[in-house]
Each structure stands twice: as structure tokens, then as C-alpha cells.
Amino acid sequence: MVDNQLRDNDPPAAKEAYQKLLDAGYSMREAKEKIGAVALTEIYDVMKEKQSYDEKRYTNALAEMVQQSIDFEDTHKIITEWDDWDELVQRGYEVQNQQDEKQMISCWWDAWALFQQIMETAERKMSISEVMESQDYEYPVEAWLQDMEMELGNAGEYEKRMEFCNKVLEMFDWTYDDGNGFRCAVGEELYEAGKIEEGKAWFDNWLQKEPHNANALNVYSWCLQKREGIEAAYRLISREVINCACTMDNYILFDRAESLAQHLHREADLKWIETQKQSFLKSMEMADDYNDMYDDFSMPVQQPIVKETKIYPNDPCPCGSGKKYKKCCGRR
């Protein structure tokens, strides 16, 4: 209702009140809620009291509400930046569902600018986990940052993607959090921009510190394949899988090596890779069977009542489809 009034500028007093509230420091959401409360009162008078709609009365009520709100703001600090950021992020996800990629990037780029302003006020460099602990919005910061990195790449905004990822890596403390996705994106974009030596140096320096990082090795191999061919990619990956056991941590590399070995007709290597993968998957099945057996013979215990875990839009859907919740059971 309020959105329609603002969009159509009907009545003009609604848009005027909205702007004054924003100027006073209220967030977009707060301003709309205040206008909506006045509008509901007017609707009540029209329907319950059987009065006719009176635009002048509505205009006066809006003016009175604005003045009261401004007077209150003088003595009450309102944190608006996070609410404005949240609204921009939500709007981006809404237009994403409508397949409006350009508008989504526009909303999120504005949200990113605001997010940087907020983080600049922090007394010290924080981790993403710390930022998330202090927030309770519909879309978690980490999931949004990851989605933005991905969507910038999908939209072909390569320079923005590299700028964004470099800033994210610089902005946060990564001692305990995983910044692999953003690091991979930087290396990938260096290759895409034709900065081959810089790209190699980026991945080589990373792997010097973390020689078995599966994410780095996987993305690096794709960059090498595109520029130097399948042989170069396989040389990088094979050293991590041949004569090595397949585990949860390096399973992605065994998958990658299997595909490359098939193209290169490396039958001996392929046999090793397939055997190790099957052995790993079998061990996982045995672990599941053991857990099931243990559960069957365990004494029942009283379980504490816990708060239901919140499912965020970018979490895997609990139905097991493999899709994100927002694109499956959580679709609005």
C-alpha cells in the first residue's frame, strides 16, 4: 500500500512525509512502517466509522506523525545503516527471482557501498563470523557476499568482481573463517584479464602457504587448462591424487582428476583414482551403517528442548534436492 502511494505520488503528502523521515535519520523500512500506521488509521475510520476518505485529514495526520517522529529523533539515536543495507539486499534477491540481473547488480552494488561505510566505523578488523553474530537479518552477511561474488561473475562484471573480492579479503580477519571462494575468484579474474603471470603468482603464493588447498588447486587447474591445455591441468592435479588416499578434503580433486584422466586416456591413473574414490565412498557407507547400529542399541535419553534452527534463503534446502532453500521449498 505505502509502496504504491510512493510510486504513484498519490497522495503527494505520503512521498513528502517519506522523504522528511529519511532526512531525519529513519531507515526506509521505518519510514514506510510509520506511513503505513497512519494509512491504517485512515482505513479504519473509513470502514469502521463509515466515514468518507478525507485526503486533507490523511495529509494532516501524516504531518503530525512526521513532526512527532522528528521530535523523538532529537533525543533517540536510530541505527539506520544496517536497515538500509538489509532493504537493498532484499530488493536485490527479489529482482533476482524476477531474472532482472541488471537491477539486482545495481541494488547489491549500492548495498556493498553502504556495507563498506558501516565496516569503516568498526574499531578493529573483524571476522565475518563476528559480524554475523551481531546481526539478525533475513539474509546473512556471508551468504550475501558469496552470492554477490558469484553473480558478478555470471553478469560478466569481471573488473567489479575482482575489485569486490580484493576488498572483501582486505576488509575481514580471515584467521578462522574461510575466504577460499574470494581468493579463487581473484586468481580466476587475473587469468580472464590476460594477466597470466600475475594469476600464476597469485595461486603459487597461495599454494606455497597451503600446498594441499583443494579449492585453490581445483580453480587453478581450470585456469591452466584454458590457457595451457589439459596436460598442464592434469600435472597440477595428479600430484595430489596419484598414490594418495581419497578423503573428504580432497574428494573434489579426485573428481577433477578422473575427468582429466579420461580425456588423456591415462588408464593406469584412472584405475587408481576410481579405486580410491570407491574405497572412500565405501568407508562413508560403513560409517553411516555403524552410526545407525549405534543409534539402534543406544539407550533413549531425554533430549533438551532447543530452538528450531533457522533456515536461511541461501542454505541447502532440507528436502535434499541440492538446491538453495530460496530456490526450492522456500520459494515465495
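Scroll up to find the structure.
The paragraphs below set out a description of the structure included in this document. What you see is a predicted model, and the numbers here were worked out from it, not measured in a lab. (Residues numbered from 1 in each chain as written. Predicted model: local features only at pLDDT ≥ 70, side-chain atom pairs only at ≥ 80, totals over all residues. Heavy atoms only, no water.)

Points about the overall build of the chain
- Counting secondary structure elements, the chain contains 15 helices and 0 strands.
- Counting over 332 residues, the chain shows a buried share of 40%.
- Of all intrachain contacts in the chain linking residues separated by at least 6 positions in sequence, the fraction that spans at least 24 positions is 56%.
- Entry remark: accessible area of the chain is about 20400 Å², with carbon and sulfur atoms responsible for 50%. (Helix = DSSP H or I, 4+ residues; strand = E, 2+ residues; numbered from the N terminus. Buried < 20%, exposed > 50% of the residue type's maximum accessible area, 1.4 Å probe, protein only. Contact = heavy atoms within 4.5 Å. Areas by Shrake-Rupley, 256 points an atom, 1.4 Å probe, with all protein chains shown as cover.)

As for a nonpolar patch on the surface
- On the surface, Met 1, Leu 40, Ile 43 and Met 47 cluster together to form a nonpolar patch covering roughly 420 Å² of accessible area.
- The topology assignment puts Leu 40 in helix α3 (residues 28-47). (Patch = residues over 30% accessible without salt bridge, like charges linked within 9 Å, V, L, I, M, F, W, Y side chains within 5 Å. Salt bridge = Lys/Arg side-chain N within 4 Å of Asp/Glu carboxyl O.)

What to know about unusual backbone geometry
- The linkage connecting Asp 10 with the following residue, Pro 11, adopts the cis geometry, with an omega of 0 degrees.
- Phi is positive for Asn 9, which is not a glycine, with a value near 55 degrees.
- Mapped onto the secondary structure, Asn 9 falls in the loop between α1 (2-8) and α2 (12-23).
- Although it is not a glycine, His 265 adopts a positive phi angle of roughly 55 degrees.

Quick look at the pattern of salt bridges
- Under the defined criterion, the tally for this structure stands at 17 salt bridges.
- Here Lys 20 ties to Glu 16 by a salt bridge, and the two come within 3.3 Å at their closest N and O atoms. Here Lys 20 and its partner Glu 16 are both found in helix α2, 4 residues apart, which amounts to about one turn of the helix.
- Linking Glu 87 and Lys 32 is a salt bridge whose minimum nitrogen-to-oxygen distance equals 3.5 Å. Placement of the pair is Glu 87 in helix α5 (residues 81-97) and Lys 32 in helix α3, with a sequence separation of 55 residues.
- When salt bridges with common partners are traced through the structure, they connect Asp 3, Lys 32, Glu 87 and Arg 91 into a single cluster.

What about the packing of aromatic side chains?
- In total, this model carries 18 aromatic pairs according to the counting rule given.
- When the centroid spacing of 5.3 Å and the interplanar angle of 90 degrees are considered together, the rings of Trp 82 and Trp 85 count as edge-to-face. Of this pair, Trp 82 and Trp 85 are both found in helix α5, 3 residues apart, which corresponds to roughly one turn of the helix. In terms of burial, Trp 82 and Trp 85 fall into one category: buried.
- Seen in terms of ring centroids, Phe 164 and Phe 182 are 6.3 Å apart; in terms of plane orientation they differ by 65 degrees. Their pairing is edge-to-face. Of this pair, Phe 164 sits in helix α9 (residues 158-171) while Phe 182 sits in helix α10 (residues 180-192); the two residues are 18 residues apart in sequence, bridging distant segments of the chain.
- Taking relative accessible area as the criterion, Phe 164 reaches 0% and is therefore assigned buried. (Phe/Tyr/Trp six-rings, centres within 6.5 Å; stacked < 30°, edge-to-face > 60°.)

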